[in-house]
2 protein chains.
Amino acid sequence: MDKIRIGIVGYGNLGRGVQYASAQNPDTEVVAVFTRRAPETVKTVLPVKVEKYEDMKNYVGKIDVMILCGGSATDLPAQSAEVAKLFNTVDSFDTHAKIPEYFAALDKSAKDAGHLSAMSIGWDPGLFSLARIYFGSSLADGSTYTFWGKGVSQGHSDAIRRVKGVKDARQYTVPVESALERVRSGENPQLTTREKHTRECFVVAEEGADLARIEREIKEMPNYFADYDTTVHFISEEELQKNHGGIPHGGLVLRSGKSATGNKFLMEFSLKLDSNPEFTSSILLAYARAVYRMHREGKTGAITAFDVAPKYLCPLSEAEQRKELL
Amino acid sequence: MDKIRIGIVGYGNLGRGVQYASAQNPDTEVVAVFTRRAPETVKTVLPVKVEKYEDMKNYVGKIDVMILCGGSATDLPAQSAEVAKLFNTVDSFDTHAKIPEYFAALDKSAKDAGHLSAMSIGWDPGLFSLARIYFGSSLADGSTYTFWGKGVSQGHSDAIRRVKGVKDARQYTVPVESALERVRSGENPQLTTREKHTRECFVVAEEGADLARIEREIKEMPNYFADYDTTVHFISEEELQKNHGGIPHGGLVLRSGKSATGNKFLMEFSLKLDSNPEFTSSILLAYARAVYRMHREGKTGAITAFDVAPKYLCPLSEAEQRKELL
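Scoring rules and cut-offs
- Residue numbers here run from 1 along each chain, matching the order of that chain's written sequence.
- Chain labels run from A onward and ligand labels from 1 onward, assigned in the order the entries are written.
- Reporting in this predicted model follows two pLDDT cut-offs: at least 70 for local features of residues, and 80 or more for side-chain atom pairs to be given and counted; totals over whole chains, interfaces and linings ignore these cut-offs and use all residues.
- To get the side-chain values, all heavy atoms of the structure are used, and hydrogens and water are removed first.
- Strands are runs of DSSP state E lasting at least two residues, helices are runs of H or I lasting at least four, and both sets are numbered from the N terminus onward.
- Contacts were defined at the residue level, with two residues in contact if any of their heavy atoms lie within 4.5 Å.
- Accessible areas in this description were obtained via Shrake-Rupley with a 1.4 Å probe; residue shielding takes into account the shown protein chains only.
- Charge counting treats Lys and Arg as positive and Asp and Glu as negative, with His and both chain ends excluded.
- Each charge is placed at NZ for Lys, CZ for Arg, CG for Asp and CD for Glu.
- Aromatic rings from Phe, Tyr and Trp, taking only the six-membered ring of Trp, are treated as a pair when their centres fall within 6.5 Å; an angle between ring planes under 30 degrees marks them as stacked, one over 60 as edge-to-face, and anything in between as tilted.
- The buried label applies to any residue whose accessible area, calculated with a 1.4 Å probe on protein chains only, is under 20% of its type's maximum; exposed applies above 50%, and partly exposed to all values in between.
- Charge-over-ring placement is defined geometrically: NZ (Lys) or CZ (Arg) within 6 Å of the ring centre, and within 35 degrees of the ring normal.
- Between any two strands, pairing holds if DSSP finds at least two bridges.
- Only the stretch in contact is used when fitting a helix axis, every axis being a line fitted to C-alpha atoms; angles between N-to-C directions are given from 0 to 180 degrees.
- Every angle not falling under 35 degrees, over 145, or within 65 to 115 is termed oblique; those three ranges are roughly parallel, roughly antiparallel and roughly perpendicular.
- Polar here means any residue other than Ala, Val, Leu, Ile, Met, Phe, Trp, Tyr, Cys and Pro, which are nonpolar, and Asp, Glu, Lys and Arg, which are charged; Gly is therefore polar.
- For the least-squares superposition of copies, only C-alpha atoms count, and only for residues with pLDDT at least 70 in both.
- What a helix should span is 1.5 Å times the count of its residues minus one.
- The predictor rates its confidence in each residue with pLDDT, a number between 0 and 100.
- A 1.4 Å probe defines the accessible area here, and the buried area is the portion of it lost by two parts on being joined, summed over both.
- By definition, a salt bridge exists where a carboxyl oxygen of Asp or Glu is found within 4 Å of a side-chain nitrogen of Lys or Arg.
- Identification of polar contacts relies on pairs of N or O atoms within 3.5 Å, with a donor-acceptor requirement for protein atoms, meaning one able to donate a hydrogen and the other able to accept it, and with residues adjacent in sequence counted only if both atoms are side-chain atoms.
- Definition of nonpolar core: a set of buried residues of the types Ala, Val, Leu, Ile, Met, Phe, Trp, Tyr and Cys, connected through side-chain atoms within 4.5 Å.

(A) Inspection of the overall build of chain A at higher detail. Secondary structure summary: chain A contains 11 helices and 14 strands in total. The principal-axis extent of the C-alpha atoms belonging to chain A is close to 65 × 60 × 35 Å. Considering only residue pairs separated by 6 or more positions, chain A has 68% of its internal contacts joining residues 24 or more positions apart. A total accessible area of about 13,600 Å² is found for chain A, and carbon and sulfur atoms account for 48% of it. One way to put it: in chain A the 41 positive side-chain charges average out to a point 3 Å from where the 43 negative ones average out.

Right under this line is the structure:
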C-alpha cells in the first residue's frame, strides 16, 4: 500500500503530536518537518528530516498533504493560503470571528492551484462542530449547549502571566455542574457566561509580590476573567510543575429538545483528554487522510469538517466500514 | 423556497413520526402516505393524502424522496430496491448481518434508475455508527464500546409475549453501570454480553398461569435472555399501561484510547430518548434532506450515513453553518 505522505509545518506541541499520531496510523508517513527556526536546532521526537520553511517548494510531488501546526493568531493566517498554492493542507484555525474571511482567502488560493485545504480541524472547532451540526439536524426543536473543560486554557494562562509579579500560572476552565444538570433535565435554560463556567487559577508569584493586588487584577481582567467566578490559588513553582504540568482539556456538547408531540430527547457528546494538543493532532491526521482521498476524487478549494463524509476519515475500506462500524 | 417533497411508505410509529418531524422542518412537506392497508382505514395524525402502495407510480415527479417506514424483517427487503426504481429513498434497515447483501441490491436498483438511496439511517445504525467511525478515526489506538438502554426492546417484548400464559409484556435493556465505569476509567476491559447489559421484564400473566414456569421459560430463552442476567416482574395490566406505555430508548458509544506517549483519551456519545420511533423519524427526515441535495448534485446508488457529509443534513446554508456551528 502506498502511504499518505505527510509534511508538518511548524514544530511545537501540535507538530510533535502529528508525528506521534502518524506512528499509530500505518497508512501515513511523515516525510519532513518545515520550520522557520534554524533546522539544526529543532529536536524531533521521532527521526525525520527537518527543512527550512522556504524549502518546502522542493517537496512538491513528494508530499501529499501538509499539516499546518502553527497558531491561529499569526501563523495560520500568514501561511495557509501560501502553502495551499503548493500542497493540499489541513489546519486547526480557531479564531471564530475570522472564519469567513479566512475561508474565502484559503478557498481562492487552493482552488486556483487545484489543491484541497481542510480548515478549522480539531475538537473545537472540529468534533464539537460536528456534534452541533448533527445534533441540530437530528432534532429541529431544541437548544444546543457547548461546555469546555475541565481543562487548561493557554490563552488565559498567558493573560495571568502578564500580570505584574506573576512568575508562572495555569488556568483551568471548569464547567458548572449545576448548569449541566439543568440542561440534562430538559429545562432548556438560558445560561449566562458566569453560569456556564468557572475559572480556576494556579499562580506562582514572585518573591515579595503583593498577592492581594495580583488576585484582584486577575479577577477584574476584562474579557478573560471579569465575567466569571474566578478562584486564585497561590502555589509554589514545584507544585505547579508537579500537579499542573499537563495540558488536559475536554468538554461537552449537549442538545435538548422535543418532538411535535412533546416527547423529550437529550443528545450528549463529551471528551476527556489528557493532552489537548496530542488529541488535536490525531484528528488533524485523520483529516489529512480525508483530504488526500477527496483530492484524488477531484475536489479542490477550502473545506471544513462539515464538507467531509465520515468514510474518508477511516482507514477501513467502505465495505469494511459498513460491515464493522455501521 | 421550494419545499422538499416527502412521501411516506408504511404508516406505523415511524411513519407518524416522519409526519410530526416534517411539521418541525419547514423546508419539507409530506405529500402522501402509501400503505398496503385499505387507505380509508388509515388515520393520519396530521392531514395528508393516503394512497395505495401500488399507486406510488402516479407520484413520480411529484415526490422528491420516499421515506420507507416499514420493518427490517420483511418490509424493507421487499420494498426498498423496488421503490428505488421510481424514487430516491431513505430507510432504517437494521438487520446487521444482512447489510452487505441489502446494500448490493439497493445500490444496483438505485444506480440503474438514477436514484439515490440512503439505508440504515436512524440512531443505531445511524448516529451511533457515526460515533463509531468518527471516534475510531480520531484515535487509532483504543477500544470502542456500544451500550443500549435504558430502553424498550420491541423484539424482546415480543419474544416474551410468545411464552404460554403471557398476556402482555415490556422488556427493558439496561446498561450495567459498573461496566460503563470500567470503560470510562480507561481500563479497556473485555466485556462479555452478560457484563454489559441486564434485561428487565414486566409481564402481565393470564389468570391462573404458572408464574414460576413463565419466569423460567423467559430466563432460559436462548439468544434473547439466556446470556443475560434477567429480572422478571409480574404486574397488572393497568400498571403496564400506566408505567410502561412509552417507547423510550437510548444508549452510549464510548471510545477509550491513548496516544503514542501514553496520554489517555475518552470520547463519549449518549442519547436519552422519550420516544425511540419519533427520534428515528426525525433523523430519517434529515437524511431525506441530504438525499435530495446530493441527488441534485448527481449522486446515485446506495449510501449510508458514512457517505453523507454533515453539511447536507442541515437546513442552514454552508456559509451560515460555518458562521454559527463551526
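Here the narrative resumes.
(B) The arrangement of the packing of aromatic side chains in detail. On inspection of all chains with the given rule, the structure shows 15 aromatic pairs over all chains. When the ring of A:Tyr134 is compared with that of B:Tyr134, the centres are 5.9 Å apart and the planes differ by 65 degrees; the resulting orientation is edge-to-face. Of this pair, A:Tyr134 sits in helix α4 (residues 127-138) while B:Tyr134 sits in helix α4 (residues 127-138), which puts the two residues in different chains. For the pair shown, A:Tyr134 and B:Tyr134 are each scored as buried. Put simply, the rings of A:Trp123, A:Phe128, A:Phe269 and B:Phe135 touch in pairs and so form one group of aromatic residues. Looking at A:Lys150, its charged tip hangs above the ring of A:Tyr172, at a distance of 5.0 Å from the centre. The cationic tip of B:Arg36 hangs over the ring face of B:Tyr53; the distance from NZ or CZ to the ring centre is 6.0 Å.

(C) Structural view of the sheet that holds strand β14 (residues 301-303) of chain B. All names here are of chain B. Pairing within the open sheet is parallel, and its 7 strands lie in the order β3-β2-β1-β4-β5-β6-β14. The sheet is open, and its two borders are formed by β3 (49-52) and β14, each paired with just one other strand. If you compare each strand with its neighbour and ignore which way they point, the axes differ by 25 degrees on average. Judged from the 3 bridges that link them, strand β6 (residues 116-118) and β14 form a sheet pairing that is parallel. What sits directly across from Leu-116, in β14, is Gly-301. Packed on one face of the sheet, helix α10 (residues 276-296) meets β1 (4-9), β2 (28-35), β4 (65-68), β5 (88-91), β6 and β14 and runs near 150 degrees to β5.

(D) Quick look at the packing of helix α10 (residues 276-296) of chain A against α4(B). Interhelical geometry of α10(A) versus α4(B) gives an angle of 110 degrees and a closest axis separation of 8 Å. Between α10(A) and α4(B), the crossing angle belongs to the class labelled roughly perpendicular. Between α10(A) and α4(B), the contacting residues are A:Phe279, A:Ser282, A:Ile283, A:Ala286 and A:Tyr287 on the first element and B:Tyr134, B:Ser137 and B:Ser138 on the second. Its residues assigned to classes, the contact of α10(A) with α4(B) comprises 5 nonpolar, 3 polar and no charged.

(E) Up close: the relation of the copies chain A and chain B. Once chain A is rotated about the relating axis by 180 degrees and shifted along it by 0.0 Å, it coincides with chain B to within an RMSD of 0.0 Å. Such values leave the two copies arranged in the relation of a two-fold axis. Comparing interface residues between copies, 100% of those in chain A also sit at the interface in chain B, which points to an isologous, same-surface contact.

(F) Inspection of α4(A) at higher detail. Between its first and last C-alpha atoms α4(A) spans 16 Å; for 12 residues at 1.5 Å apiece the expected length is 16 Å, and the two agree. Of the positions making up α4(A), those classed as buried are A:Leu127, A:Phe128, A:Ser129, A:Leu130, A:Ala131, A:Arg132, A:Ile133, A:Tyr134, A:Phe135, A:Ser137 and A:Ser138.

(G) Fine view of the sheet that holds strand β9 (residues 166-175) of chain B. All names here are of chain B. Taking strand neighbours across the sheet as the criterion, the 4 strands line up as β8-β9-β10-β11 in an open arrangement whose pairing is mixed. One side of each edge strand has no neighbouring strand; the edge strands of this open sheet are β8 (151-152) and β11 (229-234). Strand direction decides the pairing type here: β9 and strand β10 (residues 197-205), joined by 9 bridges, are antiparallel. Counterpart to Pro-175 in the pairing with β10 is His-197. Those strands touched by helix α8 (residues 211-219) are β9, β10 and β11, and its axis lies near 150 degrees from that of β11.

(H) Local environment of the confidence of the model for chain A. Residues at a pLDDT of 70 or more form 100% of chain A, whose mean pLDDT is 97. The ipTM, which scores confidence in the relative placement of chains, is 0.97 for this predicted complex, and the corresponding pTM is 0.97.

(I) Spotlight on the pairing of β9(B). Residues and elements named next belong to chain B. The element β9 is largely enclosed, with a buried count of 9 among its 10 residues. Relative to β9, β8 runs antiparallel, the two being bridged by 2 bridges. Bridge pairing links Gly-151 to Thr-173 in β9.

(J) Representation of the side chain of B:Ser22 within the structure. Within the secondary structure, B:Ser22 is located in helix α1 (residues 13-24). Residues within four places of B:Ser22 in sequence aside, it is in contact with B:Thr28, B:Glu29, B:Val30 and B:Leu285.

(K) Examining the interface of chain A and chain B more closely. Between chain A and chain B, the contact holds 60 residues from the first and 60 residues from the second. For the pairing of chain A and chain B, the buried interface totals around 5,600 Å² over both sides, and the portion due to carbon and sulfur atoms is 62%. Three residues stand out in chain A for area buried against chain B, namely A:Phe306, A:Arg322 and A:Leu326, and they jointly supply 14% of the buried area on that side. Our count for the contact surface shared by chain A and chain B stands at 2 salt bridges. Note that B:Asp307 and A:Lys311 form a salt bridge whose closest N and O atoms lie 3.5 Å from each other. For the interface between chain A and chain B, the tally reads 27 residue pairs in polar contact (both at pLDDT 80 or more). Going through the elements one at a time, α1 (13-24), α3 (99-113), α4, β13 (264-273), α10 and α11 (318-324) of chain A are the ones with two or more residues in the side of chain A that touches chain B. Top element by residues in the side of chain A that touches chain B is β13(A). It accounts for 10 residues. Here the residues of the side of chain A that touches chain B sort into 31 nonpolar, 15 polar and 14 charged.

(L) Examining the packing of α4(A) against α4(B) more closely. Between α4(A) and α4(B), the least distance of the axes is 13 Å, while the angle of their chain directions is 175 degrees. For the element pair α4(A) / α4(B), the angle class is roughly antiparallel. Across the interface between the two elements, A:Leu127, A:Leu130, A:Tyr134 and A:Ser138 from α4(A) touch B:Leu127, B:Leu130, B:Tyr134 and B:Ser138 from α4(B). Of the residues belonging to the contact of α4(A) with α4(B), the class tally is 6 nonpolar, 2 polar and no charged.

(M) Region of interest: the nonpolar core. Of all hydrophobic cores here, the largest spans 152 residues; its most connected members are A:Val90, A:Tyr287, B:Val90 and B:Tyr287. Once residues within four sequence positions are removed from consideration, A:Val90 is found in contact with A:Val65, A:Met66, A:Ile67, A:Leu68, A:Ala118, A:Ile121, A:Leu284, A:Tyr287, A:Ala288 and A:Val291. Ranked by size, the runner-up nonpolar core spans 13 residues in total, among them B:Val166, B:Ile214, B:Met221 and B:Phe225.

(N) Seen up close, the side chain of A:Asn25. Within the fold, A:Asn25 resides in the loop between α1 and β2 (28-35). Given the relative accessible area of 7%, A:Asn25 is considered buried. At 3.0 Å, the side chain of A:Asn25 forms a polar contact with the side chain of A:Arg289. Apart from the residues within four sequence positions on either side, A:Asn25 is in contact with A:Leu285, A:Arg289 and B:Ala140.

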